Amino acid sequence: MNTRYSISFPPEKIKKPIISELIRNFSLEINILNADVSSGKTGKLVVEIFGKEQNLLNGLSFLNEEGIFYRQIQKELIVNINDCIACGSCTGVCFSGALKMSETFNVLELNSSLCVLCGICIKACPLQLISLNSNGKIV
Amino acid sequence: MKKKTIEEINRKISEGTAVVLTAEEVSLLGKTKSPEEIFNRVDVVTTATFGPMCSSGVFINFGHSSPAIRMEEITLNDVPVYAGIAAVDAYIGATSESVFNKKYGGGHIIEELIAGKEIRLKARGKGTDCYPKREIETSITKDSVNEIIMFNPRNAYQNYPVATNASDKTKYTYMGTLLPGCANANYSTSGELSPLLNDPKLRSIGIGTRIFLGGAQGYVAWNGTQFNTSKPRNEFDIPLSNAATLAVTGNAKEMSAEYIKAAYYEKYGVSLFVGIGIPIPVLDVDMAKAVSIRNEQIETTIYDYGDPAHPALGTTNYAELQKGEISLNGLKVKTAPLSSLKKAREIAGKLKKQILDKEFYLTEPVNIFPENTSLNSLKQLI
Ligand code: SF4
Ligand code: SF4
């Protein structure tokens, strides 16, 4: 199974090699989608975790023990395709390739599995058709 | 040289024998056919664009209340509109912003009026002997008001530069979001479909030319503002950056919100997508050559919006831009359009059908545009 998590490190934990421990000790595969870490502040990572369910649960309890906050992300990028005029503005800022114009430029194509939830495209749509759905729940 | 006149073309339209192609179709044909063959075969080429055009707006006449008011300050859904014309006339400029919500403005009012929605009108006047009322609050729709006349002072730019950002901060511009370090570049014309790129010397487009405007039939009223014929051109007569423009007018009550759409550009403001289609008559072999122009022949300049002086960084063409990546001084830069090619195609196709269905006839310009114009800039005293 694979799931997305948002992980927040308190300032004093930033230096700890938490992610490599997760990988090494719990046989998890971790793909960092977004990172906002600067020392002295709370760091934030958005990651995708692949691995067996039991390993994942063990990994999460390790995070708990370490006092690191995490939240399962159920957020998803939503594009109101019905009102989309296929102008293409949003595709210029999407470097993950999640938002792309079709070859003929006639439709906007969204491939959610490539989206790293950076949110830059939200402000780039002149019709304000892009949002992150916000029923992300704390696990 | 063999010639066709507008009159002959209109006769063919009425007889149902006119051959009409979209600008994309004729560009494709131009790959294998000579301009002579295209002249012999094709009578009209339909061009179109659907892009954000800030210099747009509508004149509106609200009708008189009883007792009457001389409206001197007007808001529509809290968007201030220009009230300095007579008692109940106003001009709703597309870029005017709501007092409470910077993401909402004149463009939205125009789109909503066209869509038939109700808009809240508030107005004040000082009260005069002939207009005693001082304040009014009511609601209007396109059916309740007298006229809504679109008059856009500057639309359909002939070519437009590509915008990128070499600075180290994200720039939010009317050319969209430009990421630092030239990470992306945005462009905004429909390339080979674009009206003024298919008649680069403006031989067939002038004052009085009938056009498709926002879903209705409109007209070219005048040359647009910032009309500039002195930009350098390439061997295909294409100006290498923004050059000619059109002032266009039409009855907004007949338009459709499919072809007039409000836009908001982050930290820039409100604008309006305007759908324009222009039929180009294939009058002679030179015109046949002009309408056969292809994306790779349409060059444009890349400007750095990260620097307030917008210095030129290089040139590219629309074939490259549409591939999604250009190379800029050895750097690969991701490109994205701002104007909708899909909508432009829809308009060119619709206009073609209207001509074939004898609903749209071509016009001879009443007057041609000035030929040697360049731009003045604004002096600063302090
Ligand atoms: S949030 Fe938007 S810009 Fe960022 S990766 Fe997802 S689709 Fe692309
Ligand atoms: S910017 Fe908005 S309207 Fe334009 S293609 Fe993207 S989602 Fe569609």
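Reading the values: rules and limits
Residues numbered from 1 in each chain as written. Chains lettered and ligands numbered in written order. Predicted model: local features only at pLDDT ≥ 70, side-chain atom pairs only at ≥ 80, totals over all residues. Heavy atoms only, no water. Helix = DSSP H or I, 4+ residues; strand = E, 2+ residues; numbered from the N terminus. Buried < 20%, exposed > 50% of the residue type's maximum accessible area, 1.4 Å probe, protein only. Contact = heavy atoms within 4.5 Å. Areas by Shrake-Rupley, 256 points an atom, 1.4 Å probe, with all protein chains shown as cover. Lys, Arg positive; Asp, Glu negative; His and termini not counted. Charge placed at Lys NZ, Arg CZ, Asp CG, Glu CD. Near = heavy atom within 4 Å. Nonpolar A, V, L, I, M, F, W, Y, C, P; charged D, E, K, R; others polar. Domains from an automatic or database assignment. Buried area = accessible area lost by both parts, 1.4 Å probe. Salt bridge = Lys/Arg side-chain N within 4 Å of Asp/Glu carboxyl O. Pairing = 2+ DSSP bridges. Expected span 1.5 Å × (residues − 1). Arc of directions from axis to C-beta. Polar contact = N/O pair within 3.5 Å; in protein donor to acceptor, adjacent residues only side chain to side chain.

A. The overall build of chain A, seen in detail. Scanning chain A from terminus to terminus reveals three helices and eight strands. In sequence order, chain A lays out its α and β elements as β-α-β-β-α-β-β-β-β-α-β. The principal-axis extent of the C-alpha atoms belonging to chain A is close to 50 × 35 × 25 Å. Relative to its full complement of 139 residues, chain A shows a buried share of 46%. A separation of at least 24 residues holds for 65% of the contacts in chain A among residues at least 6 apart in sequence. Element-wise, carbon and sulfur atoms account for 50% of the exposed surface of chain A, whose accessible area totals about 7,400 Å². Of the side-chain charges in chain A, 13 are positive and 12 negative, and the distance between the mean point of each set is 7 Å.

B. Here's a closer look at the site of ligand 1. Taken together, Leu77, Cys94, Ser96, Ala98, Leu99, Cys115, Val116, Leu117, Cys118, Gly119 and Cys121 of chain A make up the full set of residues near ligand 1. Within the shell around ligand 1, the residues separate by chemical class into nine nonpolar, two polar and no charged.

C. View of the domain arrangement of chain A. All names here are of chain A. Segmentation of chain A into domains returns domain 1 (2-72) and domain 2 (75-138). On a C-alpha basis, the centres of domain 1 and domain 2 stand 26 Å from each other. In this assembly, five residues from domain 1 lie in contact with 10 residues from domain 2. With both sides pooled, the region where domain 1 packs onto domain 2 buries about 600 Å², and carbon together with sulfur makes up 47% of that total. When the buried surface of domain 1 facing domain 2 is broken down by residue, Arg4, Leu33 and Arg71 rank first, second and third, together holding 67% of it. At the junction of domain 1 and domain 2, the tally comes to zero salt bridges. Taken together, the elements giving at least two residues each to the side of domain 1 that touches domain 2 come down to β2 (29-36) and β4 (69-72). Classifying every residue of the side of domain 1 that touches domain 2 by side-chain character gives one nonpolar, two polar and two charged.

D. Structural context of the site of ligand 2. In the vicinity of ligand 2, the residues found are Val79, Cys84, Ile85, Ala86, Cys87, Gly88, Ser89, Cys90, Leu108, Cys125, Pro126 and Leu129 of chain A. Split into classes, the residues belonging to the shell around ligand 2 amount to 10 nonpolar, two polar and no charged.

E. Inspection of the domain arrangement of chain B at higher detail. Residue and element names in this part refer to chain B. By domain assignment, chain B separates into domain 1 (6-44 + 155-356) and domain 2 (63-145). Computed over C-alpha atoms, the centres of domain 1 and domain 2 are 33 Å apart. Taken residue by residue, the interface counts 16 residues in domain 1 and 16 residues in domain 2. Between domain 1 and domain 2, roughly 1,200 Å² of surface is buried when both sides are summed, and carbon and sulfur atoms account for 66% of that area. Looking only at domain 1, the three residues that lose the most surface to domain 2 are Lys253, Tyr264 and Val270, adding up to 45% of its buried area.

F. Looking closely at the pairing of strand β15 (residues 216-223) of chain B. Residues and elements named next belong to chain B. Strand direction decides the pairing type here: strand β14 (residues 210-213) and β15, joined by four bridges, are antiparallel. Across the sheet, residue Ile211 finds its bridge partner in β15, namely Gly218. Following β14, the chain reverses through two residues before pairing antiparallel with β15; Gly214 in that reversal takes a positive phi of roughly 60 degrees. Alignment of β15 against strand β16 (residues 246-251), held across five bridges, turns out to be antiparallel. Pairing of Asn223 across the sheet is with Leu246, part of β16.

G. Focus on the environment of Ile13 of chain B. All names here are of chain B. Residue placement: Ile13 occurs in helix α1 (residues 6-15). Linking Ile13 and Thr245, residues 232 residues apart in sequence, is a C-alpha distance of 28 Å. Excluding anything up to four places from it in sequence, Ile13 contacts Ala18, Ile355, Lys358, Phe360, Tyr361 and Leu362.

H. Geometry of helix α2 (residues 53-65) of chain A. All names here are of chain A. Between its first and last C-alpha atoms α2 spans 19 Å; for 13 residues at 1.5 Å apiece the expected length is 18 Å, and the two agree. Buried within α2 are the following residues: Leu56, Gly59, Leu60, Phe62 and Leu63. Down the axis, α2 shows its buried residues gathered within 155 degrees of arc, on one side only. Looking at the residues trailing α2, positive phi occurs at Gly67, about 75 degrees.

I. Inspection of the interface of chain B and chain A at higher detail. Residue-level contacts link 26 residues of chain B with 20 residues of chain A. At the boundary of chain B and chain A, one finds zero salt bridges. Remark: the boundary between chain B and chain A carries seven residue pairs in polar contact (both at pLDDT 80 or more). Taken together, the elements giving at least two residues each to the side of chain B that touches chain A come down to β13 (184-187), β17 (260-265), β22 (331-337) and α8 (341-356) of chain B. It is β17 of chain B that provides the largest number of residues to the side of chain B that touches chain A, a total of five residues. Split by residue class, the side of chain B that touches chain A holds 14 nonpolar, five polar and seven charged.

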